[in-house]
Every structure is written in structure tokens, then in C-alpha cells.
Amino acid sequence: MPTLPEVEFTNKQGKKKILTVSSSFLKKEGKVIGSLNILRDITKSKKSEENYKNIFDSSIDSIIIHDFQTGEIIDVNNAMTNTFGYSKEEALKLKVSDISSGKEPYTQKRAVELIKKAATGKSQNFEWLGKKKSGELF
């Protein structure tokens, strides 16, 4: 899905608003007779996203968000980068196997199985033997 352009403005009451803008042309008999502009107020969702990000990054627990089908790491918080010793950019290129002992049951395959189970709504509680960038297991 393409990202729509966002426009920020201040309304008459002095409140900042964020809108997405999408346009399309209205045609009749092959000629453009007008345009349709759709504006959608996304101010609340932007604030919710900002609040989520603040909570996510201020947690003292390491949080790793995975693609539930592939196990790919798609986001990490500050605690994860501090604990494992990777920058965020490095962490987003890793696989679970890179930050695990690699010995059964701490494998990429097992991690993907647990992620897929969690995606069904079933809470997964387990211990994991992690590996820092330095190679130290914890």
C-alpha cells in the first residue's frame, strides 16, 4: 500500500492537524472534467503511534517485534540494543539465530514455531538462551 502524503496545518482554533491527501481525476469521454481530493484527519492515530513508540522505547525489557510468518525481526526497542550490544540498524538485519545460542531448543526454527503460535492469540511463555554481539551467552 503506497504511503499517502501528509500535510500538517493549524486550524482556526490554533490546533495542529495532520491530514493525508489523495487525489484522482474525474474523466468523462476521455477528458478530465474535475478532480476528487480526499482529506483524512490522522492526527489522533499519529499521536497514538507516538505514544506507543515512547512506551516501546522506554521499556526496561528487551522487545523484539517479528514478522509472524517468517520470524524476521522488524523492530527492536532501546533495551534490546543495550542488552544485546547491537545498533538498531544492525539488529534489524539479524535473524533470531544470530542472537541465540543455536543449540536445541534455541534455534531459528523453534523461534519461528513460537512466533506462529503467538500469532494465533495463544500466549507463549518460555526461556531463551540469548547471545550478545560479543558472543557472550545469557
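Residues numbered from 1 in each chain as written. Predicted model: local features only at pLDDT ≥ 70, side-chain atom pairs only at ≥ 80, totals over all residues. Heavy atoms only, no water.

A. The arrangement of the sheet that holds strand β1 (residues 6–10) in detail. Spatially, 3 strands are ordered β1-β2-β3 in an open sheet, and the strand pairing comes out antiparallel. The outermost strands of the open sheet, each flanked by one partner alone, are β1 and β3 (31–41). Each strand axis lies, on average, 40° off the axis of its neighbour in the sheet, ignoring direction. With 10 bridges connecting them, strand β2 (residues 16–28) and β3 associate as antiparallel partners. The residue bridging F25 from the neighbouring strand is S35, located in β3. (Pairing = 2+ DSSP bridges. Helix = DSSP H or I, 4+ residues; strand = E, 2+ residues; numbered from the N terminus. Axes fitted to C-alpha atoms, helices over the stretch in contact; angles between N-to-C directions.)

B. Fine view of the packing of aromatic side chains. Inspection of the entire model under this criterion finds 4 aromatic pairs. A ring pair is formed by Y52 and F56, whose centres lie 5.5 Å apart and whose planes are at 25°; its orientation type is stacked. Of this pair, Y52 and F56 both sit in helix α1 (residues 43–58), 4 residues apart, roughly one helical turn. Aromatic pair F84 and F138: ring centres 5.2 Å apart, planes at 65°, arrangement edge-to-face. Taken together, the residues F84 in helix α2 (residues 78–84) and F138 in the segment after α4 (108–119) connect sequence positions 54 residues apart. (Phe/Tyr/Trp six-rings, centres within 6.5 Å; stacked < 30°, edge-to-face > 60°.)

C. Looking closely at the confidence of the model for the protein chain. Looking at the protein chain as a whole, the pLDDT averages 89, with 98% of positions reaching at least 70. The secondary-structure element of the protein chain with the lowest mean pLDDT is β3, recorded at 79, while helix α3 (residues 88–91) shows the highest, at 98. (pLDDT = per-residue confidence, 0-100.)

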